[in-house]
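So you can see what is in the structure, the chains are spelled out below.
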Amino acid sequence: LSPADGVGIAKSIIASLQTDKPVYIRLTGGANHPIVYQNDIDYEIGKFNELIKGEGISIIATGTMVYNSLKAAELLKQKGIFVSVYDAHTIKPLDEEMVKKCAEKDRLIVTVEEHNVFGGLGSCVAECIVKHKNATTHLALGVDDVFLHPGDYNFMLKQAGLLPEQIAESILIANSTL
């Protein structure tokens, strides 16, 4: 489980106590991370939360990248591009039903995670797209399989291209090639 903010953390703890399956809760970012949820939310292990409904492009983000993806969506909206944004608070089990729906309706699925691009959310979504034989394009944004220079959290995100402006720019470039 990879919660987006404090509400997500509380919900993931409650959900972990209510399941009889093993659970790992991944907390990242640091103290005082920006708020994603202003109110109570529905939280079910294995089900994404749709935060913005858009057209043609879906951003599936996890953990602290949910906030950055929402900010990227605002930047894209200013350019006339309206994306859907999903909080993938559960990576395993993946919400395959939602990924399949996105792959059927969208020309581009973007996964955003502050994790290695191999073996995380992006890999799970790619496997799901292939499993269901969808032809949508997938852009996996995350940490490349390299050692980044040490620094504070935002410096590390910038190196990985995970600040809102960088996410929006990557989506603009990918969208222009479709």
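Quick summary incoming for the structure in this document. (Residues numbered from 1 in each chain as written. Predicted model: local features only at pLDDT ≥ 70, side-chain atom pairs only at ≥ 80, totals over all residues. Heavy atoms only, no water.)

### Focus: the overall build of the chain
A count of helical and extended segments in the chain gives 6 helices and 5 strands. Written out in order from the N terminus, the α and β elements of the chain read α-β-β-α-β-α-β-α-β-α-α. Principal-axis analysis of the C-alpha atoms gives the chain an extent of 45 × 40 × 35 Å. A burial count over the chain gives 48% of its 178 residues as buried. Of the contacts made within the chain by residues no fewer than 6 positions apart, 77% connect residues no fewer than 24 positions apart. By element, 54% of the accessible surface of the chain is carried by carbon and sulfur atoms, the whole surface being about 9,500 Å². Averaging the positions of the 16 positive and the 22 negative side-chain charges in the chain gives two centres separated by 4 Å. (Helix = DSSP H or I, 4+ residues; strand = E, 2+ residues; numbered from the N terminus. Buried < 20%, exposed > 50% of the residue type's maximum accessible area, 1.4 Å probe, protein only. Contact = heavy atoms within 4.5 Å. Areas by Shrake-Rupley, 256 points an atom, 1.4 Å probe, with all protein chains shown as cover. Lys, Arg positive; Asp, Glu negative; His and termini not counted. Charge placed at Lys NZ, Arg CZ, Asp CG, Glu CD.)

### Concerning a nonpolar patch on the surface
A surface patch of nonpolar side chains, amounting to about 390 Å² of accessible area, comprises Ile9, Ile13, Leu17 and Leu27. Of note, Leu17 is situated in helix α1 (residues 6–18). (Patch = residues over 30% accessible without salt bridge, like charges linked within 9 Å, V, L, I, M, F, W, Y side chains within 5 Å. Salt bridge = Lys/Arg side-chain N within 4 Å of Asp/Glu carboxyl O.)

### Topic: the pattern of salt bridges
Tallying each qualifying case throughout the model produces 7 salt bridges. Note that Lys47 is salt-bridged to Glu97, the shortest N-O span being 3.9 Å. Of the two residues, Lys47 sits in the loop between α1 and β1 (49–52) while Glu97 sits in helix α3 (residues 96–105), which places them 50 residues apart along the sequence. Taking the relative accessible area as the measure of exposure, Glu97 reaches 49% and is therefore partly exposed. With a closest N to O distance of 3.4 Å, Lys101 and Glu97 form a salt bridge. Taken together, the residues span about one helical turn, with Lys101 and Glu97 both in helix α3 at a distance of 4 residues. For Lys101, a relative accessible area of 43% puts it in the partly exposed group.

### Focus: the side chain of Asn134
Its location among the elements puts Asn134 in the loop between α4 (121–131) and β5 (137–143). Note on Asn134: relative accessible area 18%, which makes it buried. With near-sequence residues (within four places) excluded, Asn134 lies in contact with Lys100, Ala103, Glu104 and Ile129.

### As for the nonpolar core
Core analysis: the biggest nonpolar cluster contains 33 residues, and Ile57, Ile59, Val83, Val110, Val112, Leu162 and Ile171 have the highest contact counts within it. Secondary structure elements with two or more residues in this core: β2 (57–61), α2 (65–77), β4 (108–116), β5, α5 (153–160) and α6 (164–176). Here this core gets 6 residues from one element, more than from any other, and that element is α2. Those residues in contact with Ile59 that sit more than four places away from it in its chain are Ser69, Val83, Ser84, Val85, Tyr86, Val110, Val112 and Ile171. Membership of the second largest hydrophobic core comes to 16 residues, among which are Phe48, Cys102, Leu121 and Val125. (Core = buried A, V, L, I, M, F, W, Y, C linked by side-chain atoms within 4.5 Å.)

### Overview of the environment of Thr136
Of note, Thr136 is situated in the loop between α4 and β5. With 34 residues separating them in the primary sequence, Thr136 and Cys102 have C-alpha atoms 8.8 Å apart. Residues contacting Thr136, with those up to four places away along its chain left out, are Ala103, Asp106, Arg107, Leu108, Ile109 and Ile129. Polar side-chain contacts of Thr136 include one of 2.9 Å to the backbone oxygen of Asp106. Here Arg107 takes part through its backbone oxygen, which lies 3.3 Å from a polar atom of the side chain of Thr136. (Polar contact = N/O pair within 3.5 Å; in protein donor to acceptor, adjacent residues only side chain to side chain.)

In short, geometric facts, not functional conclusions.
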